[in-house]
Amino acid sequence: MDTYESLGFLLNRASHALAKALRIVLERYAVDLPHSQFVMLRLLYYKDGLSQQEIAALLCKDAAAIKRTIDNLKKRGLVERVHVSKAKNSIHITRQGRLLMSELLKHVDEVLVPLLNGIDADEYEIAIRFLRCIYENSKTIE
C-alpha cells in the first residue's frame, strides 16, 4: 500500500497548506509574525503559564528553538518570563499578546473555513481523534 500519497506525505502537504493559509492571513493584515511565533503565542493564549520544557514538548520542538522564539516574542512585548523557582520560569502571554491573538484568531477562520470545505463536523472530529491517536501512539516508539 506504499504509494507516493502515503499518510506521511498527505499529512505533510496538509500541514504546509495550513501554514501557507496562515501566512496569507498574517500578510493580509500586515502582521509581521513568523509561523513559529504564531504557534507558540496561540498555545499560550489557550494554555498560559507553561514552562519552556512544557512548550517544547507540546510543540515537538527542541528547547533551543523554543528559547529563541520566546526571546523574540518577549522583545516584541507579547510574552513575559515569570520566575517560578531557581531553575524554572513560567512563560505568560501579555495583554498585548492576548489582544493580538484575539484579533488574529478571528481572521484565521477566513482562510480555515475554505480549507475545510466539504468536511462535515463528524468527519472533522474523526480527523482530530485520528491525529491525536497517531501522536499518542508515537510516544510508545523508542
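Residues numbered from 1 in each chain as written. Predicted model: local features only at pLDDT ≥ 70, side-chain atom pairs only at ≥ 80, totals over all residues. Heavy atoms only, no water.

### A word on the overall build of the chain
Here's step 1: Regarding its fold elements, the chain presents 6 helices and 2 strands.
Here's step 2: Mapped from its N terminus to its C terminus, the chain presents α and β elements in the order α-α-α-α-β-β-α-α.
Here's step 3: On the principal axes, the C-alpha backbone points of the chain span a range of 50 × 40 × 25 Å.
Here's step 4: Taking all 142 residues of the chain together, the buried fraction comes to 25%.
Here's step 5: Intrachain contacts of the chain at a sequence separation of at least 6 include 55% that bridge at least 24 residues.
Here's step 6: Approximately 10,000 Å² of the chain is accessible, and the part contributed by carbon and sulfur atoms is 57%.
Here's step 7: Here the chain contributes 21 positive and 18 negative side-chain charges, whose respective centroids are spaced 9 Å apart. (Helix = DSSP H or I, 4+ residues; strand = E, 2+ residues; numbered from the N terminus. Buried < 20%, exposed > 50% of the residue type's maximum accessible area, 1.4 Å probe, protein only. Contact = heavy atoms within 4.5 Å. Areas by Shrake-Rupley, 256 points an atom, 1.4 Å probe, with all protein chains shown as cover. Lys, Arg positive; Asp, Glu negative; His and termini not counted. Charge placed at Lys NZ, Arg CZ, Asp CG, Glu CD.)

### Considerations on a nonpolar patch on the surface
Here's step 1: Residues L7, L11, F130, L131 and I134 make up a contiguous nonpolar surface patch of roughly 400 Å² in combined accessible area.
Here's step 2: The element best represented in the nonpolar patch is helix α6 (residues 121–138), accounting for 3 residues.
Here's step 3: I134 sits in the partly exposed class, given a relative accessible area of 32%. (Patch = residues over 30% accessible without salt bridge, like charges linked within 9 Å, V, L, I, M, F, W, Y side chains within 5 Å. Salt bridge = Lys/Arg side-chain N within 4 Å of Asp/Glu carboxyl O.)

### Quick notes on the side chain of Q37
Here's step 1: Within the secondary structure, Q37 is located in helix α2 (residues 35–46).
Here's step 2: Judged by its relative accessible area of 7%, Q37 is buried.
Here's step 3: A distance of 3.2 Å separates a polar atom in the side chain of Q37 from a polar atom in the side chain of R76.
Here's step 4: Setting aside chain neighbours within four positions, we find Q37 in contact with T69, N72, L73 and R76. (Polar contact = N/O pair within 3.5 Å; in protein donor to acceptor, adjacent residues only side chain to side chain.)

### Thoughts on the layout of surface pockets
Here's step 1: If you add up the space inside the largest pocket, you get close to 2,300 Å³.
Here's step 2: Lining the largest pocket are 44 residues, with S15, L18, R42, I128 and L131 positioned closest to its centre.
Here's step 3: Those elements giving two or more residues to the lining of the largest pocket turn out to be α1 (7–28), α2, α3 (52–59), α4 (63–75), α5 (95–115) and α6.
Here's step 4: Ranked by the residues each element gives to the lining of the largest pocket, the list is headed by α1, at 11 residues. (1 Å grid on protein atoms, 1.4 Å probe; cavity = no way out; pocket = protein on both sides within 12 Å on 5 of 7 lines; lining within 4 Å. Points joined across faces, edges and corners; volume = space filled by probe spheres on them.)

### As for α5
Here's step 1: A rise of 1.5 Å per residue sets the reference length of α5, with its 21 residues, at 30 Å; its end C-alpha atoms lie 30 Å apart and thus fit the reference within 8%.
Here's step 2: Helix geometry: α5 is bent most strongly at D109, by close to 30°.
Here's step 3: Along α5, the residues that are buried comprise G97, M101, L104, L105, H107, V108 and V111.
Here's step 4: Buried-residue contacts for α5 involve α1, α2 and β2 (88–93). (Expected span 1.5 Å × (residues − 1). Bend = angle between axes of the 7 residues up to and from the residue.)

Note that every value here comes from positions in space, so none of it alone points to a role or purpose.
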